[in-house]
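Survey of secondary and tertiary structure
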Amino acid sequence: MKVEDLNKAKIPVVKINKKLEEFKGKILFPEKLELANKMLDKVKLPKKYFFF
């Protein structure tokens, strides 16, 4: 199939495996999540200023 044909197709090109539903709501890598949260606590993010 060409890209033009894919763009015109009514059916999706990607199919999501239903077996992935068992991981919904679970934390798969708690160590990495903890490390990321620690890093976010230490970093200084820029403040957003809104001018109206």
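Residues numbered from 1 in each chain as written. Predicted model: local features only at pLDDT ≥ 70, side-chain atom pairs only at ≥ 80, totals over all residues. Heavy atoms only, no water.

A look at the overall build of the protein chain
Rule in force here: Put simply, DSSP H or I for four residues or longer makes a helix, DSSP E for two residues or longer makes a strand, and each gets a number counted from the N terminus. In this setup the radius of gyration rests on C-alpha atoms only. A globule is expected at 2.2 Å times the number of residues raised to 0.38. Think of it in three bands: residues with accessible area under 20% of the maximum for their type are buried, residues over 50% are exposed, and the middle band is partly exposed, with areas taken using a 1.4 Å probe on protein chains only. To measure how exposed things are, a 1.4 Å probe is used in the Shrake-Rupley method; for residues, cover is taken only from the protein chains shown.
Scanning the protein chain from N- to C-terminus turns up 2 helices and 0 strands. Scaling as 2.2 N^0.38, a compact globule of 52 residues should have a C-alpha radius of gyration of about 10 Å, whereas the protein chain reaches 21 Å, well beyond that. The C-alpha extent of the protein chain, read off along each of the three principal axes, is 50 × 40 × 20 Å. With 52 residues in all, the protein chain has 0% of them scored as buried. Carbon together with sulfur atoms contributes 63% to the accessible area of the protein chain, which is approximately 6,400 Å² in total.

Observations regarding the pattern of salt bridges
Think of it this way: side chains of opposite charge can pair up when their charged atoms draw near. Test applied: A pairing counts as a salt bridge when a side-chain nitrogen of Lys or Arg comes within 4 Å of a carboxyl oxygen of Asp or Glu.
Under the criterion given, the structure shown has 1 salt bridge. In this structure, E34 engages K38 in a salt bridge whose closest nitrogen and oxygen atoms are separated by 3.5 Å. Within this pair, E34 and its partner K38 are both found in helix α2 (residues 30–42), separated by 4 residues, close to a single helical turn. Judged by its relative accessible area of 47%, E34 falls in the partly exposed class.

Section: the packing of aromatic side chains
Quick reminder of the rule: Only rings of Phe, Tyr and Trp enter the pairing, Trp through its six-membered ring, and a pair is recorded when the two centres are within 6.5 Å. The plane angle decides the type: under 30 degrees is stacked, over 60 is edge-to-face, the rest tilted. The criterion for a charge sitting over a ring is simple: Lys NZ or Arg CZ within 6 Å of the ring centre, and within 35 degrees of the ring normal.
Applying the stated criterion to the full structure yields 0 aromatic pairs. Its end group placed over the ring of F29, K32 keeps NZ or CZ at 5.4 Å from the ring centre.

Some points on a nonpolar patch on the surface
Applied cut-off: What goes into a patch is any residue over 30% in relative accessible area without a salt bridge, connected to like charges within 9 Å or, for nonpolar side chains (Val, Leu, Ile, Met, Phe, Trp, Tyr), within 5 Å.
A grouping of L6, V13, V14, I16, L20, F23, L28 and F29 is seen on the molecular surface, where their side chains present a nonpolar patch of about 830 Å² in accessible area. Turning to its location among the elements, F23 is positioned in the loop between α1 (3–8) and α2.

Geometric values such as these leave the question of function open.
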